[in-house]
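Results of the structural survey
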Amino acid sequence: MKYQSQAVAKPYFIAAIGLFLGQILFGLIMGLQYVVGDYLFPAIPFNVARMVHTNLLIVWLLFGFMGAAYYLIPEESERELYSPKLALAMFWIFLVAGAATILGYLLVPYATLAEMTGNDILATMGREFLEQPLPTKVGIVIVALAMLFNLSMTVLKGRKTAINLVMLLGLWGLAIFFLFSFYNPANLVKDKFYWWWVVHLWVEGVWELIMGAMLAFVLIKVTGVDREVIEKWLYIIIAMALISGLIGTGHHYYWIGTPEYWQWWGSVFSAMEPIPFFMMTLFAFNMVNRRRREHPNQAAVLWALGTGVMAFLGAGVWGFLHTLAPVNFYTHGSQITAAHGHMAFYGAYAMVVLTMISYTMPILRGREANSRKAQVMEMWAFWLMTIAMVFITLFLTAAGILQIWLQRIAAEPMGFMAAQDQVALFYWMREITGLVFFTGLTLYIVSFFVKGEEARAS
Amino acid sequence: MSSAFTKSAARNIFYGGAVFFFLLLVGLSFDTMQTLPKRDNRENLNESAIRGKHIWETRNCIGCHTLLGEGAYFAPELGNVYTRRGPDFIKAWIQSQPTGVPGRRQMPNFNLTDAQLDDLVEFFKYTAGIDTAKWPPNIEG
Amino acid sequence: MTIAATLPASPDQPRTLPGDLAIWFFIFAELLVFGVFFLAYAFARARNVELFDASQLQLDRISGAINTALLISSSYFVVRAVDRIRHGASRACAGWLVAAMALGGAFLVLKLTEFAGKFAAGITMSTNTFFMFYIGLGFFHFMHVVLGMIILGWVAHKAWRGGYSAADHAGVETGASYWHMVDLVWIVLFPLIYVMH
């Protein structure tokens with residue numbers, strides 16, 4: 001670790017992993033509820049489990065992004081963080097707010113929670129992924145602004161590189177587009193239209209900048225390839241991401257009451273969205289092939305390459321599968337969406353955070369890389385989680401295709417629940433694969449406690 | 001200096017491209033807002049339907065159901081439920097939850113009053129009237 | 001390709017793309033988008049020939065033809081500008097670029113007049129599929145002309161102040177390449193949407 005203040009990243013990463021574990025546990029509960037409908041009812045109804053599952057995902061990724069920013073921005077700017085104390089204070093505020101929100105979901109009926117937290121003053125709750133009570137939303141804004149102030153001051157006074165500028169821009173975009181979560185018009189079409197300005201412009205817009213910056217940072221470190229080369233490719237890749245992704249928002253505007261020309265605009269532009277992901281894969285493999293050093297942290301290299309491949313598969317390929325309007329007409333709102341969502345979030349965002357953690361955690365703990373033994377275990381965890389996610393995606397895709405056939409295409413269309421019963425086998429297989437994923441995650445966590453002799457560069 | 005590949009050019013492409021396509025998105029969004037009155041069924045968005053949307057949100061219905069295809073995929077699509085089931089069925093169904101059938105998916109009982117049920121139904125009536133370009137493919141959603 | 005033909009690479013490096021490689025990624029992406037849109041147009045038209053033919057009659061072909069002439073001429077001016085800077089004539093280069101921009105500006109005025117007429121007649125992107133393409137693609141291209149003019153203006157400004165030389169003028173080639181792309185797209189767009197039926 002080059003700068004003392006980079007150490008604030010550590011609690012962020014630990015919290016991220018902890019919340020990740022929680023996310024997966026609730027995922028397993030939901031997976032079981034898909035086939036054993038009354039499991040844990042009425043203690044944890046499906047909607048509550050899902051809210052916890054998706055909100056934990058968002059929060060742990062945000063923890064991961066923030067930790068990554070606090071680590072890489074001082075290093076790139078070549079100076080200490082403007083205020084490590086502020087960063088640490090924000091950590092606790094965010095953690096407490098996040099935990100309180102999750103407990104609120106679990107312990108209080110949602111309608112009561114809404115009443116208690118001022119939803120009648122400004123109604124923002126009850127929309128997918130934006131279920132957080134008003135104080136939590138305000139808290140997110142405050143934490144994000146404090147972080148942006150802290151990071152911007154650091155960059156302003158320090159060296160400006162493509163990586164820290166892109167990272168900062170991504171985080172600013174994240175905060176700015178989140179503001180649309182406060183806009184909830186009664187007109188459902190408008191509500192949905194601007195809801196996507198948070199959701200889509202996050203995951204297929206500014207988050208890709210954050211992801212690109214993190215990946216580029218780690219690649220520079222573990223391959224020793226010239227910064228100039230990595231940075232110019234970073235710019236080209238994220239340029240492609242925004243060129244395709246901004247108008248690609250249109251692929252959400254096919255069937256929600258918006259004008260029908262979006263079917264053309266959305267299809268054409270989102271058909272190009274796999275390109276930046278493909279470039280990212282080529283980029284990661286190319287840089288590793290051109291490496292000038294053998295970094296002792298081979299696990300981090302594996303995560304970096306894995307991110308490239310899985311982001312392309314999950315976001316690129318599975319996104320493309322159902323993005324064209326004539327296809328989406330049948331797949332919209334089916335298990336196909338769930339399949340894409342799982343692999344894309346894991347492949348692009350979960351994995352890039354884990355890449356960053358894998359590279360930085362040993363350094364934060366005072367060594368260049370973990371012991372060989374710990375790394376082998378981490379790589380096992382990588383393969384278990386990644387392969388499990390591939391199969392979860394395949395099973396959900398199979399379930400989706402069957403569901404669409406029975407419910408939307410067959411001459412005698414089946415009702416929703418009747419069709420669900422027919423695809424139960426795939427839900428069972430998904431749940432079992434989910435347990436494999438959980439095993440991988442457990443192994444991942446255990447790998448942090450494995451001792452042994454520090455790995456050296458070969 | 002032919003066929004150079006410089007970081008500054010790459011950076012300019014990024015910033016220029018981002019601004020350009022964001023402006024295009026803003027332009028298309030502007031046109032969308034102009035066109036919406038013809039499609040979004042706002043004439044039927046009365047006070048009751050607005051209250052209904054509030055009930056929809058504060059009971060976190062989206063946590064299990066889809067609405068115009070967006071939401072969770074655990075329970076049926078409700079954007080067209082008004083057309084599929086009609087008002088009386090919807091009210092009776094909500095009131096009779098949970099079914100308590102062992103092993104089946106359960107919906108909580110939200111203890112809604114008759115007035116609240118009417119508002120919710122009014123909201124579904126409004127959503128069913130939105131021009132969704134003929135989606136879903138059939139009545140089953 | 002038209003672009004390669006209008007801008008022969010310098011003799012010492014015979015087979016390379018002019019300008020910065022970065023712009024070629026952008027050009028590639030843009031041509032891909034336009035290409036897919038053109039294919040989509042052909043596909044949509046094949047499914048509804050009568051509607052497309054009837055709607056097409058409402059377009060002002062004369063205005064479109066003049067615009068085509070304007071853009072082709074402007075591309076020629078840009079070629080002149082690149083030729084000048086290769087001989088180290090910075091001011092002349094800037095002059096040709098400004099002339100090209102003037103033609104671009106004229107294009108925008110004509111195009112706006114066309115659009116104003118359509119809007120006055122109550123025609124929007126939602127009128128029918130043909131007008132979705134006519135207004136949508138036309139506006140999309142319109143924005144490209146604006147961007148191209150901004151790029152040319154920037155390059156002209158730098159050239160005027162002596163920022164390029166006979167040896168180092170990749171920036172001029174970069175801007176020129178983009179402008180030719182904008183021109184090229186129009187050369188396909190005009191016959192496709194205004195004329196062919």
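This section reports on the structure supplied with the text. (Residues numbered from 1 in each chain as written. Chains lettered and ligands numbered in written order. Predicted model: local features only at pLDDT ≥ 70, side-chain atom pairs only at ≥ 80, totals over all residues. Heavy atoms only, no water.)

On a plain count of helices and strands, chain A comes out with 16 helices and zero strands. Against the globule reference of 23 Å for 458 residues, chain A gives a C-alpha radius of gyration of 22 Å, in line with a compact fold. The dimensions of chain A, computed from C-alpha atoms along their principal axes, are 65 × 45 × 45 Å. The contacts in chain A between residues at least 6 apart in sequence include a share of 81% that link residues at least 24 apart. Put simply, chain A shows about 15,200 Å² of open surface, and 71% of that area lies on carbon and sulfur atoms. For chain A, the centre of its 27 positive side-chain charges and the centre of its 25 negative side-chain charges are spaced 10 Å apart. (Helix = DSSP H or I, 4+ residues; strand = E, 2+ residues; numbered from the N terminus. Rg over C-alpha atoms; globule rule 2.2 N^0.38 Å. Contact = heavy atoms within 4.5 Å. Areas by Shrake-Rupley, 256 points an atom, 1.4 Å probe, with all protein chains shown as cover. Lys, Arg positive; Asp, Glu negative; His and termini not counted. Charge placed at Lys NZ, Arg CZ, Asp CG, Glu CD.)

What follows covers the packing of aromatic side chains. Enumeration over the complete set of coordinates arrives at 88 aromatic pairs over all chains. Measuring from ring centre to ring centre gives 5.7 Å for tyrosine 194 of chain A and tryptophan 197 of chain A, while their planes differ by 55°; the resulting arrangement is tilted. Taken together, the residues span about one helical turn, with tyrosine 194 of chain A and tryptophan 197 of chain A both in helix α7 (residues 188-223) at a distance of three residues. Residues tyrosine 194 of chain A and tryptophan 197 of chain A agree in their burial class; the two are buried. Between phenylalanine 131 of chain C and tyrosine 134 of chain C, the aromatic rings sit 6.1 Å apart at their centres with planes inclined by 85°, giving edge-to-face as the arrangement. Of the two residues, phenylalanine 131 of chain C and tyrosine 134 of chain C are both situated in helix α6 (residues 129-160); the distance of three residues between them amounts to about one turn of the helix. (Phe/Tyr/Trp six-rings, centres within 6.5 Å; stacked < 30°, edge-to-face > 60°. Buried < 20%, exposed > 50% of the residue type's maximum accessible area, 1.4 Å probe, protein only.)

Counting from both sides, the interface comprises 13 residues of chain A and, opposite them, 19 residues of chain C. Looking at the side of chain A facing chain C, the largest losses of area belong to Trp264, Trp265 and Val268 of chain A, adding up to 43% of the total buried there. On the surface where chain A and chain C come into contact, there are zero residue pairs in polar contact (both at pLDDT 80 or more). For the side of chain A that touches chain C, the secondary-structure elements that each account for two or more residues are α8 (227-248), α9 (262-270) and α10 (274-289) of chain A. Residues that form the side of chain A that touches chain C fall into these classes: 13 nonpolar, no polar and no charged. (Buried area = accessible area lost by both parts, 1.4 Å probe. Polar contact = N/O pair within 3.5 Å; in protein donor to acceptor, adjacent residues only side chain to side chain. Nonpolar A, V, L, I, M, F, W, Y, C, P; charged D, E, K, R; others polar.)

Our next topic: the nonpolar core. Among the nonpolar cores identified, the biggest contains 268 residues, and Trp207 and Trp265 of chain A together with Ile193 of chain C are the most heavily contacted of them. For this core, the element with the most residues is α7 of chain A, which contributes 26 residues. Ignoring anything within four residues of it in the chain, the contact list for isoleucine 193 of chain C reads Tyr41, Gln56, Leu59, Phe130, Phe133, Tyr134 and Leu137 of chain C. Counting six residues, the second largest nonpolar core, distinct from the first, contains Trp255, Ala325 and Phe329 of chain A together with Trp135 of chain B. (Core = buried A, V, L, I, M, F, W, Y, C linked by side-chain atoms within 4.5 Å.)

All names here are of chain A. Of note, threonine 154 is situated in helix α5 (residues 134-157). Using a relative accessible area of 0% as the deciding quantity, one classes threonine 154 as buried. When sequence neighbours within four positions are dropped, the list of residues in contact with threonine 154 reads Ile73, Pro74, Ser77, Arg79, Glu80, Leu81 and Tyr82.

As a further point, take the packing of helix α4 (residues 61-86) of chain C against helix α7 (residues 170-195) of chain C. All names here are of chain C. Contact geometry for α4 and α7: axes closest at 10 Å, N-to-C directions at 160°. Considered as vectors, α4 and α7 are oriented roughly antiparallel to each other. The handedness of the crossing between α4 and α7 is left-handed. Partitioned by chemical class, the residues of the contact of α4 with α7 number 16 nonpolar, six polar and four charged. (Axes fitted to C-alpha atoms, helices over the stretch in contact; angles between N-to-C directions. Parallel < 35°, antiparallel > 145°, perpendicular 65-115°, else oblique. Left-handed = near helix turned anticlockwise from the far one by under 90°.)

Before going further, it helps to spend a moment on the pattern of salt bridges. Under the definition given, this model contains 25 salt bridges over all chains. In this structure, the salt-bridge partner of lysine 53 of chain B is glutamate 57 of chain B, at a minimum N-O distance of 2.8 Å. With lysine 53 of chain B and glutamate 57 of chain B both in helix α2 (residues 47-58) and four residues apart, this pair spans about one turn of that helix. For lysine 91 of chain B, the salt bridge goes to aspartate 118 of chain B, with nearest N and O atoms at 2.6 Å. Of this pair, lysine 91 of chain B sits in helix α4 (residues 87-95) while aspartate 118 of chain B is found in helix α5 (residues 114-128), placing the two residues 27 residues apart along the sequence. Taking the relative accessible area as the measure of exposure, lysine 91 of chain B reaches 22% and is therefore partly exposed. Three or more residues joined by partner-sharing salt bridges are found here, namely Glu76, Arg227, Glu228 and Glu231 of chain A together with Lys7 of chain B. (Salt bridge = Lys/Arg side-chain N within 4 Å of Asp/Glu carboxyl O.)

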